[in-house]
Amino acid sequence: MNTCLSNASTGRPVSGSSISGHLTLRCENRADGVPIISQQSFRAPIHLSKSYIDQGQRVLSIVNPTAGFFDGDQLETKIHVGAGARLVLSTPSASRVYRTRSGAAAVNAQQFRIEEDAALEWIPEPFIPHAGARYVQRTQIDLHPGATLLFFDWIAPGRVAMGEVFAYQNLRWEFDLFLGEALIARERYDLTPGGASLEALRAKFPAAHYLSIYASGKMTRHWPAEALDALTSEQVYLGHGPLSGGVYVIRALCQDSLSARKLIEGLRVLLYAAAEEKPPALGRIFC
Amino acid sequence: MSADPILWLFQANDTAYPSGSYAHSFGLEELVESGVVLTAAALENFLVQQILPALLTFEIPSFARAHAAAVAGDVPQLAALDAELDAWRIPAELRDASRRIGSQRLDLLARLDPSAIVTEYRALSPRSHHLVVTALELSSVPLSHAARAFAFQIIAGLGAASMKLIRIGQTACQQIIRRVLVLLGEKIDHSLAQPIDGWFNPLIEIASLRHARANSRLFIS
């Protein structure tokens, strides 16, 4: 396991009601080739739905029963997809982080390990930071060169309908993608309204939704470049291209949540079609 | 090299020094094409709000690390940073642009100053990143000067590209560069002592990803 993400705590006092939870999940193939959840352990603010099989993949929803992250909450997630197993992880609704009252950030540290011939799709609903929120997300993906990945991140500008556009205090994003032992993608950034860090989001659309997608394995063997180019429109500004080792990245700025959702739905169909497969149903209203 | 390091700095940073950077816009061409940067004011805003913060949070601290490794003759550290830069530069075109310029500068450096470290590093990493090669190139120059020279290359390169892409005259462009350099000068020493961190810029990333697939283009990147 590669280890590069920082483990520094937020260093601030937290309210007495903060939660320290975890999710540990292992998906492996049964002897007959059916992917099963062979190990699971979770604690609030996380709950798991019952899983099911669709299109040969184990589909599981991660539920946040506390409706979101509060200041000082900490969640540690470890997802392991064993050789040959296929897992789809989703959330039934948006992930929210609420206004910090103590000044402390909520911290979400997530690790994914995908072994040879395994597949993981990570497709959460949007991340919505409320006004005054502070949040840290650290993600590390250890991807076998022979594995398949489809990894979505969707950051909303806030509760737009409530007039909250980029009204959070701070979002800290850390992301490392290892292909085998090689670090092939690293992202570190702070989003802090009032500074220049949101300039790139606002330059195209005043309340832009940001999408980041990483894809590998079967999803990229017949990369649908022309079809992806055609997704750019008045509402969507999208680019895509290769990293090393057959991994691809897609970045998009979307005018609003509807265009972001429509784009994700279109991307899923395109990328699964490129893999000559159908996307598993996510068991939620959309997608 | 025994030559005066400041005179060497002038030579290596001269626009006539054949680095090949004149052929790159680093995503600016697509940002013009997409209507984000169309005017002198938009160009200045782009440089101040997007390029300068990325320089100060990522490029300059990375340069400081590379310069320290070059001064110490630590070739493995230079190579490690060079490999890590690939991971930070998400769009392939930005990775390639950096390596094209770097390798061109490294080839020339090997002819002008075939020192042991230059020869060893070039053998290990001939297609190296611009940042790492410039740190190696300017290892005889104090870090504060060398980092300023590297940052100037970035700002001046975008300024030169902008004159081919938008309606802006030489004087207006130099005025913008001057103001951006004033801001840079106020913050660069602080930046040199900071750990390497990233900067959120999906706009340049998307622009660069799109530029790589453009049907027609003036610049390589």
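All figures in this text were calculated on a predicted structure; none of them were measured in a lab.

1. Structural notes on the overall build of chain B
- Of regular secondary structure, chain B possesses ten helices and zero strands.
- Whereas a compact globule of 221 residues would reach a radius of gyration of roughly 17 Å, chain B reaches 17 Å, a difference of no more than 12%.
- By its C-alpha atoms, chain B is 50 × 35 × 35 Å across when sized along the principal axes.
- A total of 221 residues make up chain B; the buried ones form 54% of that total.
- In chain B, once contacts between residues fewer than 6 apart in sequence are set aside, the share between residues at least 24 apart is 80%.
- Across chain B, the 18 positively charged side chains and the 21 negatively charged ones have centroids separated by 5 Å.

2. Points about the interface of chain A and chain B
- Taken together, the contact between chain A and chain B spans 34 residues of the former and 28 residues of the latter.
- If you sort the residues of chain A by the area they bury against chain B, Arg-186, Tyr-237 and Arg-251 of chain A come out on top, with a joint share of 23%.
- The tally of links from chain A across to chain B stands at five salt bridges.
- Linking Arg-186 of chain A and Glu-84 of chain B is a salt bridge whose minimum nitrogen-to-oxygen distance equals 3.2 Å.
- Remark: the boundary between chain A and chain B carries 13 residue pairs in polar contact (both at pLDDT 80 or more).

3. Some details on the pattern of salt bridges
- Using the criterion set out here, one finds 32 salt bridges over all chains in the structure.
- Across the pair Arg-261 of chain A and Glu-125 of chain A runs a salt bridge whose closest N-O atoms are separated by 3.0 Å. In this pair, Arg-261 of chain A sits in helix α3 (residues 257-274) while Glu-125 of chain A sits in the loop between β10 (119-123) and β11 (127-129), placing the two residues 136 residues apart along the sequence. Each of the two residues, Arg-261 of chain A as well as Glu-125 of chain A, counts as buried.
- When the shortest N-O distance is used, the salt bridge between Asp-96 of chain B and Arg-127 of chain B registers 3.3 Å. Placement of Asp-96 of chain B in helix α5 (residues 92-112) and of Arg-127 of chain B in the loop between α6 (116-124) and α7 (130-137) is noted, with a sequence separation of 31 residues between them.
- The exposure class of Asp-96 of chain B is partly exposed, given its relative accessible area of 28%.
- Beyond isolated ion pairs, a larger network of salt bridges with shared partners links Arg-138, Arg-172, Glu-174 and Asp-190 of chain A together with Asp-197 of chain B.

Here is what the cut-offs are and how they apply
The numbers attached to residues start from 1 for each chain and follow its sequence in the written order. Ligands are numbered from 1 and chains lettered from A, in the order in which they are written. In view of the model being predicted, local features appear only for residues whose pLDDT reaches at least 70, and side-chain atom pairs are presented and counted only at 80 or more, with totals across whole chains, interfaces and linings using the full set of residues. Water and hydrogen atoms play no part in the side-chain values, which are based on all heavy atoms of the structure. By the criteria applied, helices consist of DSSP H or I runs no shorter than four residues and strands consist of E runs no shorter than two, each listed in order from the N terminus. This radius of gyration counts C-alpha atoms alone. The globule rule is 2.2 Å times how many residues there are, raised to the power 0.38. With a 1.4 Å probe rolled over the protein chains alone, any residue whose accessible area is under 20% of its type maximum counts as buried; one over 50% counts as exposed, and the rest are partly exposed. Every residue pair with non-hydrogen atoms within 4.5 Å of one another is taken to be in contact. Counting rule applied: Lys, Arg positive; Asp, Glu negative; His and chain ends not counted. Where a charge lies is defined by one atom per residue type: Lys uses NZ, Arg uses CZ, Asp uses CG and Glu uses CD. Accessible-area loss on putting two parts together, using a 1.4 Å probe and summing over both, is the definition of buried area adopted here. For this document, the term salt bridge refers to a Lys or Arg side-chain nitrogen within 4 Å of an Asp or Glu carboxyl oxygen. Here a polar contact means two N or O atoms within 3.5 Å. Within protein one must be a hydrogen donor candidate and the other an acceptor candidate, and residues neighboring in sequence count only if both atoms are side-chain atoms.

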